[in-house]
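# Fold and geometry: a report
Here is what each chain is made of, one letter per residue.
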Amino acid sequence: MTVNTWIVVAGDPAIGDLIDTARSLGGEVTAAVVGPRPVADTVAAGGVDKVIWFGEPGDAPVEAYATAVADAIAAAPGVVLGSGGPGGRVLLGAAAARLQAPALTGASSVSLDGADVVVKRSVFGGIAEETVAVSGPVVLVLDGGSVPAATGSAPVEEIASVPLGMTVVQTKPSEFEEVDLGAAVRVVGIGRGLKTKKDLALIDGLAGASDAEVACSRPLAEGMDWLGKDRYIGVSGQNISPELYFAIGISGQLQHMVGVRGAKTIVAINSDPNAPVFTEADYGLVGDLYQIVPALTDALK
Amino acid sequence: MSDASEPENDFDVVVVGAGIAGCVTAFQLAQQGHSVVLIERGEAPGSKNLSGGVLYCRGMQEVFPDFLQEAPVERRVTRNYINFLNAESSIGIDYKDTRLADPVNAVTVLRAKLDPWLAEKCEEAGVFVMPGVRVDRVLTKDGPTGKRVVGVKAGDDELRASVVVAADGVNSFIAQEVGLRPKQPLNHLATGVKCVVSLPRETIEARFNLTGDEGAAFAVVGDCTEGIGGGGFIYTNTDSISVGVVLRLDDMVAKNKSATDIFDHFLTHQFVAPYLDGGEITEYGCHMVAEGGMDMIGDIDMDGMVVVGDAAGLTLNTGLTVRGMDLAVASGVAAAAGIASALSGKDTSKVGLAGYREQLFASFAGQDMKTYAKAPSFLEVQRMYKDYGELIGNVLYGAFNLDNQPRQHLAKVALKAFKKSPVKIRHLISDGFAGVRAL
Amino acid sequence: MKIVVAYKWAPNPQDATVGAAGAVDWSRAKPAISEYDPVAVELARELADATGGEVIGLTAGAKGVDATMARKAALSRRFDRAVIVADDSLQGAGSTELAAVLAAAVRHIGDVDLVITGDSSVDVGGKMVPTVLAGQLGWPAVAEVSAVTGGAGSVRVERAIAGGTQVLEISGPAVLAASTDAAVPRLPGMKDILAATKKPVQTLTVAELGVPATGSTVTVKGTSRPDLKARKGQMIDAKDPAAAAAELVAALRGTGAL
Ligand SMILES: Cc1cc2nc3c(=O)[nH]c(=O)nc-3n(C[C@H](O)[C@H](O)[C@H](O)COP(=O)(O)OP(=O)(O)OC[C@H]3O[C@@H](n4cnc5c(N)ncnc54)[C@H](O)[C@@H]3O)c2cc1C
Ligand SMILES: Cc1cc2nc3c(=O)[nH]c(=O)nc-3n(C[C@H](O)[C@H](O)[C@H](O)COP(=O)(O)OP(=O)(O)OC[C@H]3O[C@@H](n4cnc5c(N)ncnc54)[C@H](O)[C@@H]3O)c2cc1C
Ligand SMILES: Nc1ncnc2c1ncn2[C@@H]1O[C@H](COP(=O)(O)O)[C@@H](O)[C@H]1O
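Every chain begins its residue count from 1, and numbering advances along the sequence as written. Chain A is the first chain written and ligand 1 is the first ligand written, with later ones labelled in order. The predicted origin of the model limits local features to residues at a pLDDT of at least 70 and limits the giving and counting of side-chain atom pairs to 80 or more, whereas totals for whole chains, interfaces and linings rest on all residues. Values shown for side chains rest on all heavy atoms present in the structure; no hydrogens or waters enter the calculation.

## A few points about the overall build of chain C
Looking only at helices and strands, chain C has seven helices and 15 strands in total. Summarising its shape, the C-alpha atoms of chain C cover approximately 65 × 40 × 40 Å along the three principal directions. The cut-offs for exposure are 20% and 50% of the maximum accessible area for each residue type, with area from a 1.4 Å probe on protein chains only; residues under the lower value are buried, those over the upper are exposed, and the others partly exposed. Here chain C holds 258 residues, and the buried ones make up 53% of them. The contact criterion used throughout is that any non-hydrogen atoms of two residues lie within 4.5 Å. For chain C, the share of sequence-separated contacts (at least 6 apart) that also reach a separation of at least 24 residues comes to 74%. Under the convention used here, a 1.4 Å probe and the Shrake-Rupley method define accessible areas, while residue burial counts only the protein chains that appear. When the accessible surface of chain C is totalled, it reaches about 10200 Å², and 52% of it is carbon and sulfur. Going along the chain from the N terminus, every DSSP run of H or I of four or more residues is numbered as a helix, and every run of E of two or more is numbered as a strand.

Shown next as structure tokens:
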């Protein structure tokens, strides 16, 4: 058996992993591309069979094409793949609603069993893994991967569509520089144990001495705004697998720890001996980070 | 009683703390038609409560006749095991008695399940249950006979009532705030560390030699606390085991030991670990235990307020059993009766509320507190936790260790062990005498 | 303005355990209003107060969502009233089914200008319910919304995008998923909880709503524990920070982590 797949592209052509998954299912792969023409062209060259492009968006945000994307997919239902950014989720949600299909997140493998799509995925914040078989259409929210290399040239079909009534009136760049934590060999993660923003200098010192990137728990990026949103680790943030992860002043709640389970070595520094982070650490130091971090920085020099 | 300028009461009674004492008090008052609010700081009742888990349940059955059928009880305790633990030896008295099952004397419970059930019963009886609110202080006004409690305050909000019930547990800051209880000296307090280890029920039944819903309660003294005053316990639930240690605070401070280290030592002790083997820790926590016996009990009433359960100091540690939940029930029953008669007599002053005190001290709870009044100071004696166990261990070792030497009379073996032990005959006599009187 | 806030009554998986055979045991995890949903309530309340309007709480789930405690916990928040879809057929329902029920309830409420949801639910956390809900209604949806202004028929929202923020103008009704830090929720006080029991609640069942049938069948083949890497769990005494640091660095160099 093979099944046809849709790849929903929400403005960002970084869909290499989605193409691989779609190809593994054997059928025809169609990309539904929302965004400027060059995005559609990159996707068309990336190894899909066909591209459906919804036209130049102008000042319409990605989300404005939700109904148009759902309509296109409903004309030829199959497996729908897409990445989980905020815009992508809106397009995928519209598709799931139109098909009345399940929208599954956290998949680690997708395969076929006869006509059924079998998905193994992480559920409930990562405490368990579930294997489900879906018969009928299904929407899968996955990591996109990187931009595919140019290997082919699929035809691009433009469909006329009326975007929903929403427009972008202003775009402001973030004050934080972007970072690719996924590529870091060592990562120093900091949490609410840090008392003030200026104490980040301490953490930068350790990161410098150990040649590591700085990351954080969610509250430091959302709420306190001390670090950029692309620096927080966990179910809703980044998943990383570095050689070494320092969890400093981080309690180690499930939702954070699932993001570092792939780390080779985990070091936890926390003043609370009962902090759950110690149960998932290779090395644990109970104490005040304000004493241990400088000592560690010195020891590394 | 009330003058026109006073704000109106929101409820007849405000109960602070939805533990066992608070729930029983609130339930009985609501059943009699009084308007009651039950305030609990935990998001859900039970979420902050931790307890060893053997409930002597007769009192509870009087409040809830179908308690054993309806309530989430785990097992009916028919096997009591008293264990002296040394580093290399373990000596036990195994007392199993099917008579303990009928009528049921004691059951094991998990507070995470029992407390929500109690709160639900309260709701059904008409209590306004209010979780997620921490009472910050009581409202008082000066009356003719001194300070009178008129309500409670949490955040910016105030609630007024004719009677406030302090059921807020061993650290009761409410009773302390109004001066009903002095701050407790360290030797009146112990810290309990406990965890729940889940295991399949068949495994538990096989390991503890139980059938059906029978349960076992192990009381352990000796090496399990590394010589710190206190003891350990192992109680069987349906498909989990409650295991913990209770350690005297003053002794821990004096010996500079940490409760979690001692607990780890207990869990990994060669005589304890096999019971837990293969299990998984599903709950873990620390909690204060009042240990001062009769000395702990402060004033339990004043104008407009009564104190119940642990907040009133109602806990008994006889060395073999930790009792607090049954006393909490008894005090709740007595308080509800006292408050009801005060409300109907329209006198909620200390005098009007005196029925509580009378009924409490007439009940088994008050009687038991008097009977065991000396237990805590008896238990303060170091020898209890270390030397006796080793002594008996050495005696038995002498008797059972067939080392190809001619056998000696047991008395001789004992005497030899005695000479090596720091325990002196006079200790044995004085402790034995004190123990008989205290227990 | 008529604003519906979708809130979930859910347990935190942090308190659940997974047995060796893979079964999830929720018995120790108590349900509560899902962690981030109070942010949505606060955001809605501020907007409703600014424009003059009503905030309606909406939840869907198995019978427990209509228990006294659950009602009180919800209505002590700053809702004016609540609509509760309590139906045991929703036990374990997926995002699409839940969204279909919520959409039907939004239609049932009628004349809704805005639906605001939390960022993600504490138990499932898929962030898909709001977007599928919008799809069911055919409304625009925006996630990670940090601010909303405007009134019925036209709102201006600020939302996060990769590398910055954007301001969008939306005409007509919409579904907005609030970012976790869009507002600081107020903890309910005693008076709020007392007032909760006086607020109107409408309880509905799935049958009363007329929800479209699902287009696919999902069969759970099994659940299991994730394969976790075994950790050393070595504690280093940190009473002397310098000595502890030296010991740690030596250990990390020994294994090649540094
Ligand atoms: C649906 C959902 C999704 C979520 N997704 C994520 C996610 O992706 N990523 C994420 O991180 N979180 C996520 N969370 C939040 C998560 O549940 C936790 O709330 C969060 O991770 C806690 O962050 P923290 O450990 O920094 O803070 P806290 O839990 O407050 O811990 C701070 C720690 O610092 C320690 N400390 C304090 N002072 C010192 C000192 N001087 N020295 C040493 N230690 C000190 C304390 O003992 C404490 O353990 C999510 C939650 C939900 C409900
Ligand atoms: C490790 C351990 C083992 C034990 N073993 C046993 C045993 O085997 N058998 C037995 O009978 N007893 C045992 N006990 C003792 C028993 O747990 C207590 O005596 C019993 O719980 C007392 O009940 P209570 O209702 O008075 O107080 P608690 O159960 O402590 O309830 C007090 C309640 O008040 C709430 N509260 C506190 N402050 C406030 C506030 N300001 N505002 C709102 N709410 C507040 C708390 O959250 C709590 O829910 C043990 C205790 C410990 C610690
Ligand atoms: N059963 C439900 N009832 C009401 N609202 C829900 C329900 N499930 C999810 N939501 C809303 O959708 C948001 C995202 O949930 P989720 O998609 O499960 O991560 C939550 O924060 C809620 O606001």
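## Re the confidence of the model for chain C
Confidence of the predictor at the level of single residues is given by pLDDT, which spans 0 to 100. The predicted model of chain C averages 95 in pLDDT, with 100% of residues at 70 or higher. For this predicted complex, the interface score ipTM comes out at 0.88, while the overall pTM is 0.90.

## Here's the deal with the layout of surface pockets
Residues and elements named next belong to chain B. Grid points spaced at 1 Å and placed over the protein atoms alone form the basis of the search, with a cavity being a set where a 1.4 Å probe fits but cannot get out and a pocket an open set showing protein on both sides within 12 Å along at least five of seven lines. Lining residues have an atom within 4 Å of a point. Grid points are joined across faces, edges and corners, and a volume is the space filled by probe spheres set on the points. Empty space within the second largest pocket amounts to approximately 970 Å³. Taken together, 50 residues form the lining of the second largest pocket, with N49, G169, V170, H287 and D310 sitting closest to its centre. Taken domain by domain, the makeup of the lining of the second largest pocket includes at least three residues from each of domain 1 (11-73 + 111-183 + 293-373) and domain 2 (187-290). Domain start and stop points were drawn from an automatic or database domain assignment.

## Topic: the confidence of the model for chain B
Summary statistics for chain B give a mean pLDDT of 84 and a share of 82% for residues scoring 70 or more. Across residues 435-439 of chain B, confidence stays below pLDDT 50; counting only partners more than four residues off in sequence or on other chains, it has 11 contacts.

## Some remarks on the site of ligand 3
Residue and element names in this part refer to chain C. Taken together, 20 residues lie around ligand 3, and A6, D37, A60, S121 and K127 are the ones closest in. Note that an oxygen atom of ligand 3 is positioned 2.6 Å from one of the backbone N or O atoms of A6. Between ligand 3 and the protein, one listed contact pairs an oxygen atom with a side-chain N or O atom of D37 at 2.5 Å. Summarising the interface, the protein chains cover 99% of the accessible area of ligand 3, which totals 490 Å² for the free molecule. At the level of elements, β6 (54-61), α3 (95-109) and α4 (129-137) are the ones that each hand at least two residues to the shell around ligand 3. No other element matches the three residues that β6 contributes to the shell around ligand 3. In terms of residue class, the shell around ligand 3 is built from 10 nonpolar, seven polar and three charged. Only a single heavy atom is needed: when it lies within 4 Å of a molecule or strand, its residue is near that molecule or strand. Whenever a nitrogen or oxygen atom comes within 3.5 Å of another N or O atom, the pair is scored as a polar contact, on the condition that within protein one atom can donate a hydrogen and the other can accept it, and that pairs from neighbouring residues in sequence are kept only if both atoms are in side chains. Think of it as three bins: nonpolar holds Ala, Val, Leu, Ile, Met, Phe, Trp, Tyr, Cys and Pro, charged holds Asp, Glu, Lys and Arg, and polar takes everything else, Gly as well.

## Notes on the nonpolar core
Judged by nonpolar contacts, the single largest core of 97 residues is most densely connected at V85(C) and L114(C). Of all the elements, α3(C) adds the most residues to this core, at nine residues. Not counting residues within four places of it along the chain, the set of residues in contact with V85(C) comprises L58(C), T59(C), A60(C), G61(C), V65(C), L90(C), V101(C), A105(C), L204(C), T205(C), V206(C) and L209(C). What we call a nonpolar core is a set of buried Ala, Val, Leu, Ile, Met, Phe, Trp, Tyr and Cys residues that are connected through their side-chain atoms within 4.5 Å. With 87 residues, the next largest nonpolar core counts V37(B), L38(B), L68(B) and L353(B) among its residues.

## Considering the domain arrangement of chain C
On domain assignment, one finds that chain C holds domain 1 (2-209) and domain 2 (226-258). The centre of domain 1 of chain C, based on its C-alpha atoms, is set 43 Å off from the matching centre of domain 2 of chain C.

## Some remarks on the interface of chain A and chain C
With 79 residues of chain A in contact, the opposing surface of chain C contributes 82 residues. Together chain A and chain C conceal approximately 6600 Å² of surface at their shared face, both sides included; 57% is due to carbon and sulfur atoms. Reported buried area values correspond to the accessible surface (1.4 Å probe) lost by two parts on association, with both partners' losses combined. A per-residue breakdown of the area chain A buries against chain C is headed by R89(A), Q100(A) and Y283(A), which together make up 12% of the total. Basic side-chain nitrogens of Lys or Arg form a salt bridge, by our definition, when they fall within 4 Å of a carboxyl oxygen of Asp or Glu. For the pair chain A and chain C, the interface holds five salt bridges. The salt bridge involving E158(C) is made with K172(A); its shortest N-O contact spans 3.3 Å. Along the contact surface separating chain A from chain C lie 37 residue pairs in polar contact (both at pLDDT 80 or more). Counting residues per element, the side of chain A that touches chain C draws most heavily on helix α4 (residues 86-99) of chain A, which supplies nine residues.

## Description of the pattern of salt bridges
As a working rule, side chains carrying opposite charge can pair if their charged atoms are close by. Taken as a whole and assessed by the stated rule, the structure comprises 46 salt bridges over all chains. Two residues, E214(B) and K96(B), come together in a salt bridge whose shortest N-O distance is 3.3 Å. Separated by 118 residues along the polypeptide, E214(B) in strand β12 (residues 214-222) and K96(B) in strand β5 (residues 90-96) bring together distant segments of the chain. On the accessibility criterion, E214(B) (16% relative accessible area) is buried. Residue K96(B) is classed as partly exposed on the basis of its relative accessible area, which comes to 38%. A single salt-bridge network, built from bridges that share partners, covers R218(A), E222(A), K229(A), D119(C) and K127(C).

## Examining the pairing of strand β9 (residues 146-154) of chain B
Residues and elements named next belong to chain B. Note: two strands are recorded as paired if DSSP finds a minimum of 2 bridges between them. Sheet analysis places strand β8 (residues 137-143) next to β9, joined by seven bridges and oriented antiparallel. In the sheet register, R137 faces β9, and the bridge partner there is K153. Examined bridge by bridge, β9 and strand β10 (residues 157-166) share four bridges and lie antiparallel to one another. Pairing of A154 across the sheet is with D157, part of β10. Connecting β9 to the antiparallel partner β10 that follows it, the hairpin turn spans two residues, and G155 within it adopts a positive phi of roughly 60°.

## What to know about empty space enclosed by the protein
Gaps left between atoms show up when a probe the size of a water molecule is rolled over them. Inspection of every chain in the model, using the stated rule, returns four cavities of 30 Å³ or more. Empty space within the second largest cavity amounts to approximately 70 Å³. Lining the second largest cavity are 13 residues, and of these R89(A), P130(C), A143(C), E144(C) and A177(C) lie nearest its centre. Split into classes, the residues belonging to the lining of the second largest cavity amount to eight nonpolar, one polar and four charged.

## Things to note about the site of ligand 2
Residues and elements named next belong to chain B. Taken together, 35 residues form the shell around ligand 2, and within it E40, V54, R111, D310 and M325 come nearest. With respect to ligand 2, the backbone of V135 contributes an N or O atom lying 3.0 Å from a nitrogen atom. Measuring from an oxygen atom of ligand 2, one finds a backbone N or O atom of M325 at 2.9 Å. Looking at the shell around ligand 2, the elements with two or more residues in it are α1 (20-31), β2 (36-40), β13 (230-236), β15 (280-290), β19 (322-323) and α10 (325-344). At three residues, β15 tops the list of elements feeding residues into the shell around ligand 2. Of the residues in the shell around ligand 2, the class split is 16 nonpolar, 11 polar and eight charged. Structurally, the shell around ligand 2 is a two-domain feature, drawing no fewer than three residues from each of domain 1 (11-73 + 111-183 + 293-373) and domain 2 (187-290).

## Describing the pairing of β5(B)
Residues and elements named next belong to chain B. With seven bridges joining them, strand β4 (residues 73-85) and β5 adopt antiparallel strand pairing. What sits directly across from F84, in β5, is I91. If you look at the hairpin formed by β4 and β5, you'll find four residues sitting between the two strands.

## Side note on the sheet that holds strand β14 (residues 217-224) of chain C
Pairing in this open sheet of four strands is antiparallel, and the strands run β6(A)-β7(A)-β8(A)-β14(C) from one edge to the other. Looking at the sheet topology across the chains shown, the edges are occupied by β6 (107-113) of chain A together with β14 of chain C. The average undirected angle you get between the axes of adjacent strands in this sheet is 20°. Where strand β8 (residues 128-135) of chain A meets β14(C), seven bridges bridge the pair, whose relative direction is antiparallel. By the bridge assignment for β14(C), S135(A) is matched with T217(C). Under this scheme, a helix contributes an axis fitted over its contacting stretch, all axes are lines through C-alpha atoms, and angles between N-to-C directions fall in the 0 to 180 degree range.

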